[in-house]
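Each chain, letter by letter, is given below.
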Amino acid sequence: MRGARGTVGIFDASTLGKIEVSGPDAAAFLDRVYTNKFSTLKPGRIRYGVMLGENGMVIDDGVSARLAADRFLMSTTSGHAGQILGWLEEWLQCEWVDLRVRCVGVTEQWATVTLTGPESRRLLAELTHDIELDPTAFPFMSWREGRVAGIPARVMRVSFTGELSFEINVPASWGQALWQACMA
C-alpha cells in the first residue's frame, strides 16, 4: 500500500471479468443494461457503469471501453463475469430479440497488469515507446493500443485506487512476460 501511495505499485488484475459486446445495436443494448448512457461514449474512451437487477439492487459495476462504433469491452467484478454474461444473454434471447448484439466472455483471453501510484506513468514510459503518455494525449478514462515491453497491448487509463493508474491488457500467453518486465 505504501508503494502505491508513494511511488508505484504493481498488481495482477487479470481476474476482472471481461465481456466483449459487439454488433450494430451494442450501444443501445448497453444503454438498457446500465443505469447510465453508453451510446454517447466515443471510441477510445471509457465509462463507469452500474447494473441493477429487476428488483433495483446493484448486481455489478465496472468500466466499459468503446473499442469501435459497434464494439465495447465491458469489465465486471472478478466473481461475476459468468453470471453477468448469462444475465446479458437472457435479455438478448428472451426480451430484446430484435437487438443485433453478440456477447462473448473473454476474461481468460487477457492478462492484466495494473501500475498504480504517482510513479506509474514513469514506469510505463520505460516499457513503451509508441503510446503517448502525456495526460492531455492520454486522459483519464481513455484507452490506447501499442506495445508494452514489446508485447501488443491495450492500455486503459482508469483507477480503482484513487491514484494515477494504468491497466495493461495483453494476450494471456504474454501475461508472465509482461509481469516480469514490469517487475524488472
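Our subject is the structure that appears above.
Fair warning: this is a prediction, and the values are worked out from it, not measured in the lab. (Residues numbered from 1 in each chain as written. Predicted model: local features only at pLDDT ≥ 70, side-chain atom pairs only at ≥ 80, totals over all residues. Heavy atoms only, no water.)

Caption draft 1: Structural view of the environment of glutamine 180. Relative to the helices and strands, glutamine 180 is located in helix α5 (residues 175-183). For the pair glutamine 180 and alanine 149, spaced 31 residues apart in the sequence, the C-alpha separation amounts to 9.6 Å. (Helix = DSSP H or I, 4+ residues; strand = E, 2+ residues; numbered from the N terminus.)

Caption draft 2: Expanded view of the nonpolar core. Among the nonpolar cores identified, the biggest contains 22 residues, and Val21, Phe29, Leu30, Val33, Met74 and Leu88 are the most heavily contacted of them. Secondary structure elements with two or more residues in this core: β2 (17-22), α2 (26-33), β5 (71-76) and α3 (81-95). Counting 19 residues, the second-largest nonpolar core is a separate cluster that includes Leu123, Leu133, Val148 and Leu164. (Core = buried A, V, L, I, M, F, W, Y, C linked by side-chain atoms within 4.5 Å. Buried < 20%, exposed > 50% of the residue type's maximum accessible area, 1.4 Å probe, protein only.)

Caption draft 3: Spotlight on the environment of threonine 161. In this fold, threonine 161 is placed in the loop between β9 (151-157) and β10 (165-171). Since its relative accessible area comes to 28%, threonine 161 is described here as partly exposed. Once the C-alpha coordinates of threonine 161 and isoleucine 84 are considered, the two residues, 77 residues apart in sequence, prove to be 24 Å apart.

Caption draft 4: Inspection of the pattern of salt bridges at higher detail. Considering all chains together, one arrives at four salt bridges under this definition. Glutamate 20 is the partner of arginine 71 in a salt bridge, and the nearest nitrogen-oxygen pair spans 2.9 Å. Of the two residues, arginine 71 is situated in strand β5 and glutamate 20 in strand β2; the sequence distance between them amounts to 51 residues. Classification of arginine 71 by relative accessible area gives partly exposed; the value is 29%. You can call glutamate 20 partly exposed: its relative accessible area is 21%. A salt bridge links arginine 122 to glutamate 119; the nearest nitrogen and oxygen atoms lie 2.9 Å apart. Its relative accessible area of 45% is what places arginine 122 among the partly exposed residues. Through salt bridges with shared partners, a single ionic network connects Glu119, Arg122 and Glu126. (Salt bridge = Lys/Arg side-chain N within 4 Å of Asp/Glu carboxyl O.)

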